[in-house]
Amino acid sequence: MEKNRGFYMVLSLLIAMALWMYVGNKNPNEEGPVRNLPVTFSGIEILERRGLMITEGKDQTVTLNITGKRDVYRLLSAETVNITVDVSSVQQPGPHTQAYQVSYDLPSSVSANSLVITDRYPLNITYTVARKATRSIPVRGTIVGGVAEGYQAGEFTFLPASIQVSGEESIVNQIDYAQVTLERADMDQTYSGDLPYTFISFTGDALEGIAVTPDVSLVRTTLPVFQLKEVPLTVNLISGGGITADTVENYVKYKIEPESIMVSGSAADLEPLKEISLGNVDLAKVLGTNTLNFTIPLAPELTNVSGVSEATVKITVTGLTTATMEVDNIEVINKPTGYEVEKVTTSRQVQIRGSADAVASVTPNQLRIVADLQNAVAATGSQTIPVKVYLDGRSDVGVVGDYNIVISIRR
């Protein structure tokens, strides 16, 4: 019996050894390199809060020589092996050399306990940290080509008008502005579209391929294009002082400087614009030669391309005779209620104008002066009041000039 027991023990041991050898041969150890494992930096947010950033060494890979069971080893790749460098402790800019951590992202049914790293290249990771800066960079535009004849380009507008740029401080501080280039020829209408841009240095050089991060890659660019039109300037002559609408060409000559201005705007706004009237000229107030200044009016949807904001009108009345008459026929109307009005001025010299024969036939009793107190200040004391002079019964002779009288108001 003891002899049989010994035999079975030896037999069991042999069977166990055979099973172990069978299983071991089915899943033997395997060794070899796992290449191109990308390096990941953790703690970047903490680094950026300190105003720092990694500028060199971000795109590195590691090669590990690993031993492990065949079924585990063959799962190893850049997707399952993680290489991590923690930069949260970095306080200052400059070069840094640091060890990296290796971890595995394997299925839960697989154990990484059999994996052993026998060699690694490189042993450490070297990277460079620099100061980080963020600036708002203005956008400017330039056009290559141009507008068609008879058109004018307006001012560029951009959305956004500035670009937020982040990156290494020394690089960001080289940027003066972002230039958008619009390439169009013979433009006759407004352009609007999304365009790329190029950063320009303070020395005027293009900064191509610089390592910065902008907040937008394209800029909505609008360039208005307007039609041009030369428009003459005119004045409105108001008959008076012995000059009628039928005789104005015989007695009045005037010159406007400038005679016209260049105006830009949309075709629809320009089409009905035939002239620009500077305003009225009352011929009853023109004696001999007068020089008058006018501001050039223009609708808000149009632009004065010429840049001249004022025009001068030199106007001359010739071929008529003037005479001065003493007028004492003065009437005061619309007296303020509760006040008494006394005429301090009792007579006034008035100038009339017309042909020689017509002027000679006018008598003083045909002239009357009317002082309207409707807009006068209701206060006691002396006041100077503008008056209107009427010449009754004549159309070929008129009064010229402005007149006033003095009155006294009391309660």
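Note: the structure precedes this text.
Residues numbered from 1 in each chain as written. Predicted model: local features only at pLDDT ≥ 70, side-chain atom pairs only at ≥ 80, totals over all residues. Heavy atoms only, no water.

### Overview of the packing of aromatic side chains
Reasoning step 1: Per the counting criterion, the structure on display carries three aromatic pairs.
Reasoning step 2: An angle of 70 degrees between the planes, with centres 5.3 Å apart, marks the rings of Phe41 and Tyr127 as edge-to-face. With Phe41 in strand 1 (residues 29-42) and Tyr127 in strand 8 (residues 125-147), the pair connects residues that are 86 residues apart, well separated along the chain.
Reasoning step 3: Looking at Phe41, the relative accessible area reads 13%, which means it is buried.
Reasoning step 4: Under the relative-accessibility criterion, Tyr127 is labelled buried at 1%.
Reasoning step 5: Taken together, a centroid distance of 5.3 Å and an interplanar angle of 65 degrees make the contact between Tyr197 and Phe199 edge-to-face.
Reasoning step 6: The buried category is assigned to Tyr197, whose relative accessible area is 15%.
Reasoning step 7: Among the residues examined, Phe199 registers a relative accessible area of 7% and is labelled buried.
Reasoning step 8: The ring of Tyr177 is capped by Arg140, whose NZ or CZ atom sits 4.1 Å from the centre of that ring. (Phe/Tyr/Trp six-rings, centres within 6.5 Å; stacked < 30°, edge-to-face > 60°. Helix = DSSP H or I, 4+ residues; strand = E, 2+ residues; numbered from the N terminus. Buried < 20%, exposed > 50% of the residue type's maximum accessible area, 1.4 Å probe, protein only. Lys NZ or Arg CZ within 6 Å of the ring centre and 35° of its normal.)

### Thoughts on unusual backbone geometry
Reasoning step 1: Backbone torsion omega between Tyr121 and Pro122 reads -5 degrees, so that peptide bond is classified as cis.
Reasoning step 2: Relative to the elements of secondary structure, Pro122 occurs in the loop between strand 7 (116-121) and strand 8.
Reasoning step 3: Following Glu257, the chain continues into Pro258 via a peptide bond in cis, with omega recorded as 0 degrees.
Reasoning step 4: Of note, Pro258 is situated in the loop between strand 18 (252-257) and strand 19 (260-265).
Reasoning step 5: Here Asn36, not a glycine, exhibits a phi torsion of approximately 55 degrees, which is positive.
Reasoning step 6: Relative to the helices and strands, Asn36 is located in strand 1.
Reasoning step 7: Owing to a relative accessible area of 54%, Asn36 belongs among the exposed residues under this scheme.
Reasoning step 8: Phi angles above zero are rare outside glycine, and Asn334 is one such case at about 55 degrees.
Reasoning step 9: With respect to the helices, strands and loops of the structure, Asn334 is situated in the loop between strand 25 (330-333) and strand 26 (340-343).

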